[in-house]
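# Commentary on secondary and tertiary structure
One letter stands for each residue in the lines below.
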Amino acid sequence: MKKIPYGISSYGTIRQDDCYYVDKTHFIPELEDAGRFLFLIRPRRFGKSSLLTLLESYYDIAGKKQFDFLFNGTHIGENPTPEKNVHLILSFNFSQVNPDLDKIEESFNGHADNRFFVFGKKYREYLDDDYFEMMAKHRQSHQKLEFLLNYVSFKGLKVYVFIDEYDNFTNTILSAEGSEGYHKLTNGAGFFRFFFSILKGATDQPESGIARMFITGVSPVTMDDVTSGFNIGTNISLEPEFNGLLGMTGKDVHDIFEHYKIPDNLAELVSEWYGKYLFAEDADDQMFNPDMILYFTKHYVKSEKPPRNMIDQNVRIDYAKLRHLMILDNRLNGNFGYLEDIVENQGTAAAKIAESFPVSRLAKPSNFISLLYYFGLLSHSRSGNLRVPNQTVRKLLYEYLREGYEDAGMFRLDFWHFGNLIRNMAYKGEWEPVFRFLADEIKKQTSIRDYLNGEKVVQTFFLAYLNVSDFFIVRSEKEMGKGFCDLFMEPFAEKYPDIEYAFLIELKYVSRAGFSEAETEKQLANAREQLSKYARDERVTGGGTKWRIKRLALVFAGWELMEMRLV
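These numbers were taken from a predicted model, which means no experiment stands behind them. Along each chain, residue indices are assigned from 1 in the same order as the chain's sequence is written. The model is predicted, so local features are restricted to residues of pLDDT at least 70 and side-chain atom pairs to those at 80 or more, both for listing and for counting; the totals for chains, interfaces and linings are taken over all residues. Hydrogens are left out, water is left out, and the side-chain values use all remaining heavy atoms of the structure.

## Considerations on the overall build of the chain
Cut-off, in case you're wondering: Runs of E in the DSSP output that reach at least two residues are strands. Runs of H or I that reach at least four are helices, and both are numbered from the N terminus. With C-alpha atoms as the basis for the radius of gyration, the globule rule is written as 2.2 Å multiplied by the number of residues raised to the power 0.38. In this description, contact between two residues means that some pair of their heavy atoms is separated by no more than 4.5 Å. Surface exposure here means Shrake-Rupley accessible area, sampled with a 1.4 Å probe, where a residue is shielded only by the protein chains that are shown. Note on charges: Lys and Arg go in the positive column, Asp and Glu in the negative column, and His and the chain ends are not counted at all. Working definition for charges: the position is that of NZ of Lys, CZ of Arg, CG of Asp or CD of Glu.
If you tally the helices and strands in the chain, you get 25 helices and 15 strands. For 567 residues, the compact-globule estimate of 2.2 N^0.38 gives 24 Å, and the chain sits close to it at 27 Å. Along the first, second and third principal axes, the C-alpha atoms of the chain reach 90 × 55 × 40 Å. Taking all contacts inside the chain whose residues are at least 6 apart in sequence as the whole, residues at least 24 apart take part in 71%. As presented, the chain carries roughly 24500 Å² of accessible surface, and 46% of it is formed by carbon and sulfur atoms. Considering the chain, the positive charge centre built from 69 side chains and the negative charge centre built from 80 side chains are found 3 Å apart.

## Quick look at the sheet that holds strand β4 (residues 210–217)
Using the following cut-off: At least two bridges found by DSSP between two strands are what make those strands a pair.
Strand order in this open sheet of five strands is β2-β3-β4-β1-β5, and the pairing throughout is parallel. Looking at which strands have only one partner, the edges of the open sheet turn out to be β2 (88–93) and β5 (234–235). As defined by bridge partners, strand β1 (residues 37–41) adjoins β5 across two bridges and the pair is classed as parallel. Across the sheet, F39 pairs through a bridge with N235, a residue of β5.

## Concerning the side chain of Q459
Applicable threshold: Polar contacts, as counted here, are pairs of nitrogen or oxygen atoms within 3.5 Å of one another; within protein the pair requires one atom able to donate a hydrogen and one able to accept it, and residues that are adjacent in sequence qualify only if both atoms are side-chain atoms.
Residue placement: Q459 occurs in helix α23 (residues 455–466). A polar contact of 3.4 Å, which involves the side chain of Q459, links it to the backbone oxygen of D486. Residues contacting Q459, with those up to four places away along its chain left out, are S476, E477, D486, L487 and L507.

## Let's talk about the packing of aromatic side chains
Rule in force here: When two rings of Phe, Tyr or Trp (its six-membered ring) have centres within 6.5 Å they constitute a pair, described as stacked for plane angles under 30 degrees, edge-to-face for angles over 60, and tilted for the intermediate range. Burial classification: accessible surface area is computed with a 1.4 Å probe over protein chains only, and a residue below 20% of its type maximum counts as buried, one above 50% as exposed, and the rest as partly exposed. A ring is considered to have a charge above it if a Lys NZ or an Arg CZ atom is located within 6 Å of its centre and within 35 degrees of its normal.
Under the counting rule described, the total for this entry stands at 57 aromatic pairs. Aromatic pair F108 and F195: ring centres 5.2 Å apart, planes at 90°, arrangement edge-to-face. Linking F108 in helix α6 (residues 104–122) with F195 in helix α11 (residues 191–204), this pair joins segments that are 87 residues apart in sequence. What makes F108 buried here is its relative accessible area of 1%. Relative to F279, the ring of Y277 lies with its centre 6.0 Å away and its plane at 10°, an arrangement referred to as stacked. Here the two residues Y277 and F279 agree in accessibility, since each one is buried. The rings of F39, F92, F94, F108, F116, Y166, F169, F191, F192, F195 and F196 are connected pair by pair, giving a single aromatic cluster. Between the NZ or CZ atom of R42 and the centre of the ring of F279, over which it lies, the distance is 4.1 Å.

## Section: unusual backbone geometry
In this structure, R45 takes a positive phi of about 55° despite not being glycine. Relative accessible area serves as the criterion here: at 32%, R45 is assigned to the partly exposed category.

## Focus: the pattern of salt bridges
Formally: Think of a salt bridge as a Lys or Arg side-chain nitrogen and an Asp or Glu carboxyl oxygen that are within 4 Å of each other.
This structure, assessed with the given rule, holds 19 salt bridges. Residues E500 and R548 are paired through a salt bridge, measuring 3.8 Å at the closest nitrogen-oxygen approach. Of this pair, E500 sits in the loop between β12 (483–491) and β13 (501–510) while R548 sits in strand β14 (residues 548–557), and the two are 48 residues apart along the sequence. When its relative accessible area of 36% is taken as the criterion, E500 is described as partly exposed. Several salt bridges share partner residues, and in doing so they unite E272, R475 and E490 into one network.

## Some words on the nonpolar core
Keep this limit in mind: In this description, a nonpolar core means a group of buried Ala, Val, Leu, Ile, Met, Phe, Trp, Tyr and Cys residues linked to one another through side-chain atoms lying within 4.5 Å.
By size, the foremost hydrophobic cluster in this structure holds 176 residues, and its most contacted members are F94, F196, F214 and F435. Discounting chain neighbours no more than four positions away, the residues touching F94 are F108, H111, I163, D164, E165, Y166, N168, F169, F192, F195 and F196. Within the second largest apolar cluster, 15 residues are counted, among which are M480, L524, Y534 and A535.

## What to know about the pairing of β14
Pairing between β13 and β14: ten bridges, direction parallel. Note on β14: the bridge partner recorded for Y509 is F556. Examined bridge by bridge, β14 and strand β15 (residues 560–566) share six bridges and lie antiparallel to one another. Counted as the bridge partner of L554 is M564 from β15. Between the end of β14 and the start of β15, which pair antiparallel, lie two residues, with G558 showing a positive phi angle near 65°.

## Structural notes on the packing of helix α8 (residues 141–154) against α11
Condition: Lines are fitted to the C-alpha atoms to define the axes, a helix being fitted only along its stretch in contact, and any angle between axes, read from their N-to-C directions, falls within 0 to 180 degrees. Orientation is classified from the angle alone, with under 35 degrees giving roughly parallel, over 145 giving roughly antiparallel, 65 to 115 giving roughly perpendicular, and any other angle giving oblique. Left-handed describes a crossing in which the near helix is turned anticlockwise from the far one by less than a right angle; the clockwise case is right-handed.
Between α8 and α11, whose axes approach to 8 Å, the crossing angle comes to 15°. It follows from the interaxial angle that α8 and α11 lie roughly parallel. Pair α8 / α11 crosses with right-handed handedness. Here S141, H142, L145, E146 and L149 of α8 lie close against α11, whose contacting residues are F194, F195, I198, L199 and A202.

## Regarding helix α15 (residues 290–303)
In an α-helix, one full turn covers 3.6 residues, which means residues spaced three or four apart are oriented alike. Stated precisely, the cut-off is as follows: In this analysis, the expected span of each helix is defined as 1.5 Å times one less than the number of residues it contains.
Over its 14 residues, α15 runs 20 Å from end to end, which matches the ideal 20 Å to within 8%, given 1.5 Å per residue. Residues of α15 that are buried: P290, D291, M292, I293, L294, Y295, F296, T297 and Y300. Among the structural elements, α13 (250–259), α14 (267–274) and α19 (391–407) are those in contact with the buried residues of α15. Structurally, the start of α15 carries an N-cap: the backbone nitrogen of D291 is 2.9 Å from a side-chain oxygen of N289.

## What to know about the sheet that holds strand β8 (residues 347–348)
Spatial ordering of the open sheet is given by β8-β10-β9, a layout of three strands whose pairing is antiparallel. In the strand order of this sheet, the two ends are held by β8 and β9 (379–380), each with one partner.

## As for helix α18 (residues 365–374)
Burial analysis of α18 places eight of its ten residues in the buried class, the great majority of the element. Those residues of α18 that sit buried are N367, F368, I369, S370, L371, L372, Y373 and Y374. A positive backbone phi angle near 85° is found at G376, which sits one or two residues after α18.

## Description of the environment of R15
Here R15 shows up in helix α1 (residues 11–16). Separated by 401 residues in the primary sequence, R15 and W416 place their C-alpha atoms 44 Å from one another. A polar atom in the side chain of R15 sits 2.7 Å from the backbone oxygen of L70. Of note is the side chain of R15, whose polar atom sits 2.5 Å from the backbone oxygen of N72.

## Some words on the environment of N289
Note on placement: N289 falls in the loop between α14 and α15. The exposure class of N289 is buried, given its relative accessible area of 4%. Sequence-wise, N289 and R539 are 250 residues apart; in three dimensions their C-alpha atoms are separated by 27 Å. For N289, the contacting residues outside a window of four places in its chain are R44, R45, F46, Y274, Y277 and V315. Side-chain polar atoms of N289 contact the backbone nitrogen of M292, separated by 3.0 Å.

Below is the structure:
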């Protein structure tokens, strides 16, 4: 079996170490046709770095002797384009820049100097002595970049510029320091803006030293700010023909499972947890996160069972990246409400994804939704709406809600104790302590009480906390028995096959003014009728499940849990 390239982003290393490789080289001619200066946005850990190293290996003029070895058996190896091995490669990776405001410029210049030095060493045979003499006289990165591009243009050479994680440190600064520190870098005389001014100017010149450029990141915000309107190249992020440029298709997953002898019956599991990404409305294939597939494969090959934690924490979007958009002066704002709606509805109505927007308009609702899409927290769907793609993203969104409540000083839980209560619920059927604990905590923590007003708000709140552990996959508004169950706590059978209990839960809500014993009984009778229909659904009864189904009705008056009963 080939080695599993989990955590390896270098195409050269993958080929040299005989790792498993999903061939993406057939996209190379399409990328050449798409434009000379390309920009691609994809979520974290989706293969952006691997793509850039693939392109570097293909176009590098210094890699001619290695071409047959690196591309043997690939599509492009058998069908090369005229631009094969004709470029000098200048590459940057801005994730290596220290985001500390006091050190960032020094770190940026240091990274750039290292890249310029490697460029000079690698292509010494194409450069005269005066190149190195002049390069030594320049101090600023933008000066060195401008000189390099002018020099190679004069020499008639072609440079392909690659910038990976272009917005890595700017996003960190925006979330940690706020817009003031961010603006110093991206506006006016900020060194980062000046660096991109040189690139932008070079793309406008007919005899520029840049023949091609490829930039990747996780959002378009910084590019819009540093180029005053995102006019540095062609954004291919939303183009249907490049939906499959990164990630794995269903066929790719089938092939990798076959290679490592992973049972076919686990395909549905990985689809639910790692799949269902569409990066264009009318794209053909739903994509899988490649990092997560390799993470799963590595664990299965080692232990012959799914990983204990289905989520690789490397894919997690740091909550701090979203915090400044949802919390102002320790109060939740409208964007947090949008996040709650998305969690509640598992998506949002169709919206046009903005190709670019500056940071000054980031809090605008439509741009906030677009940012969630670029981060991979939303995806296109076949129905035309934006949806939460998979269980991994759902878990992350529930976590963001909990952190938001806590960050705003509204609600804090002892998660260790609460997790044990859910364990007992799963294995012993002891449901009452779970909901009694939450109800008591709501009574004690007054800030959350005023917030829990309305059935949907209560339902979303419970979703966020019942997902603290992974004994259950908690489904909201799951279609069952010609209706929609408020909460279905389905045992995570693939991981915990010995769980005995599953729970169908109906939430009923009455206003505090309208509460009465008669109204409570009416709501309980209504819940009993609904739950009896849900309990007959094939999702609950079929597939050889041996769960003991408990049907639970919860009645709320305002924030207060007035009654909980098996029905």
